[in-house]
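Observations on chain architecture
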Amino acid sequence: MGKTSKDKRDIYYRLAKEEGWRARSAYKLLHIDEVFHIFDGVTRAVDLCAAPGSWSQVLSRRLYETREPKDRDEVKIIAVDLQAMGPLPGIIQLQGDITKLSTAQAIIEHFGEGKKAQLVVCDGAPDVTGLHDIDEYIQSQLLLAALSITTHVLTLGGTFVAKIFRGKDTSLLYSQLRIFFSRVTIAKPPSSRNSSIEAFVVCEDYKPPEGYVPQLIDPMLDDVQKIACETGSPVNRAIVPFLVCGDLRVFDSDMSYSLNIDPEKGYEYRDVVQKPLSPAYSEVLERMKTTSLKHGSIKVEADKKMD
């Protein structure tokens, strides 16, 4: 390897180059399979947010290329992303939005009438900002969108694997996924850096509640509770969506804004509704009455009297 900074990468980066993987993230899915055996008996799979295609490449090598040529026709692997990616053996590429019903219908059409996916994987993630709360919020919305389309295209007993960002709401996420799957595990494969907050939920044995109606939700735009009530199903209304409270379209509490929100009316100062009865800084205020600052030093009035 060379001596430049670009060549000083971790072992999985170098292995990916040597073994012909499109990205080091391929090992994350391989390591998950080593423990959970998610590829066993699978002939129909979907890769959501697939580009640039490292997870699709794993599915191609494990599910398609390992079979005899005469048996490959029964394998259907669909890669979905808004971006195009390079072709892969046995992979059907579908450019579409995972929050659209038309995308779910197109996936089911490729499998054929009466058939759905046995495995759905999603390694999608937003462009991280470095602000963990924001990154966790956006990732949770992406996961909700992936779960929404999965309820349309995954067969009963199927498996769902997706990336999450670990945070204070991880336990809530776990409890929500347990509504739809018999077993839910949060895994951290060795190829995922310890410094990263990412992890992966491995959801096995898909069993939605009786009476649940699959829906497609764009969590960044839609009112999830309103959509849940539109199905007429009491089960849908009872399921609380795992959303971080708030909306990225409104004010950011870490930012400063002009109080003159309506320029036509102008800003009018208003005093606080209830002033503190006994503020912590009251002692400081009292001392300031008898203390003055002169030429960079504090002169106490009491000392004047002593002089």
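Refer to the structure printed above.
About the thresholds
Residues numbered from 1 in each chain as written. Predicted model: local features only at pLDDT ≥ 70, side-chain atom pairs only at ≥ 80, totals over all residues. Heavy atoms only, no water. Helix = DSSP H or I, 4+ residues; strand = E, 2+ residues; numbered from the N terminus. Buried < 20%, exposed > 50% of the residue type's maximum accessible area, 1.4 Å probe, protein only. Contact = heavy atoms within 4.5 Å. Areas by Shrake-Rupley, 256 points an atom, 1.4 Å probe, with all protein chains shown as cover. Pairing = 2+ DSSP bridges. Salt bridge = Lys/Arg side-chain N within 4 Å of Asp/Glu carboxyl O. Core = buried A, V, L, I, M, F, W, Y, C linked by side-chain atoms within 4.5 Å. Patch = residues over 30% accessible without salt bridge, like charges linked within 9 Å, V, L, I, M, F, W, Y side chains within 5 Å. Arc of directions from axis to C-beta. Axes fitted to C-alpha atoms, helices over the stretch in contact; angles between N-to-C directions. Parallel < 35°, antiparallel > 145°, perpendicular 65-115°, else oblique. Left-handed = near helix turned anticlockwise from the far one by under 90°. Nonpolar A, V, L, I, M, F, W, Y, C, P; charged D, E, K, R; others polar. Right-handed = clockwise from strand over helix to strand, strands pointing away.

Counting its secondary structure elements, the chain contains 10 helices and 9 strands. By residue count, 40% of the 307 residues in the chain fall in the buried class. In the chain, the share of contacts with a sequence separation of at least 24, taken over all contacts with a separation of at least 6, comes to 66%. If you sum the accessible surface of the chain, you get close to 18,600 Å²; carbon and sulfur atoms cover 53% of it.

Moving on, we come to the pairing of strand β7 (residues 198–206). Counting buried positions along β7 yields 9 of 9 residues, so the element is predominantly enclosed. Relative to β7, strand β5 (residues 154–165) is paired through 6 bridges, and the arrangement is antiparallel. Note that in β7 the partner of I164 across the bridge is A199. Of the strand pairs in this sheet, strand β6 (residues 181–187) and β7 are connected by 6 bridges, and their pairing is antiparallel. Within β7, the position partnered with A187 by the bridge is F200.

Using the criterion set out here, one finds 11 salt bridges in the structure. For K70, the salt bridge is made with D71, and the minimal N-O distance between the two is 3.5 Å. On the accessibility criterion, D71 (26% relative accessible area) is partly exposed. With its nearest N and O atoms 3.1 Å apart, the salt bridge here joins E283 to R287. In this pair, E283 and R287 both sit in helix α9 (residues 282–289), 4 residues apart, roughly one turn of the helix. Classification of R287 by relative accessible area gives exposed; the value is 55%.

Let us now look at the nonpolar core. With 37 residues, the main nonpolar core has L48, I107, F160 and F181 as its most contacted residues. When residues in this core are grouped by element, the largest group, 7 residues, is from helix α5 (residues 132–153). Every residue in contact with L48, bar those within four places of it in the chain, is listed here: V80, I98, V120, V121, C122, D123, A146, I149 and T150. Among the nonpolar cores identified, the runner-up in size contains 31 residues, and W21, L30, A50 and Y64 belong to it.

Take a nonpolar patch on the surface next. Taken together, the side chains of Y281, V284, L285 and M288 define a hydrophobic patch exposed on the protein surface, amounting to about 410 Å² of accessible area. Residue placement: M288 occurs in helix α9. For M288, a relative accessible area of 54% translates into the label exposed.

Residues spaced three or four apart along an α-helix face the same direction, because each turn holds 3.6 residues. Taken together, the buried positions of helix α4 (residues 101–111) are occupied by T103, A104, A106, I107 and F111. Down the axis of α4, the buried side of the element spans an arc of 160 degrees, and every buried residue falls inside it. Lining the buried residues of α4 we find β1 (44–48), β2 (76–81), β3 (91–95), β4 (117–122) and α5. G112, located one to two residues past α4, shows a positive phi value of around 100 degrees.

Orientation of α4 relative to α5, taken along the N-to-C sense of each, is 40 degrees, at an axis distance of 9 Å. When the interaxial angle is binned, α4 and α5 end up oblique. The interaxial crossing formed by α4 with α5 has right-handed handedness. Here L101, T103, A104, I107 and I108 of α4 lie close against α5, whose contacting residues are I149, H152 and V153. Class assignment of the residues belonging to the contact of α4 with α5 gives a composition of 6 nonpolar, 2 polar and no charged.

All right, on to the pairing of β5 then. Of all 12 residues in β5, 9 are buried; the element is thus mostly enclosed. The sheet contact formed by β4 and β5 spans 5 bridges and is parallel. If you follow L119 over to β5, its bridge partner there is T159. With α5 bridging β4 and its parallel neighbour β5, the resulting β-α-β unit is right-handed.

That's the geometry; what it means functionally is another story.
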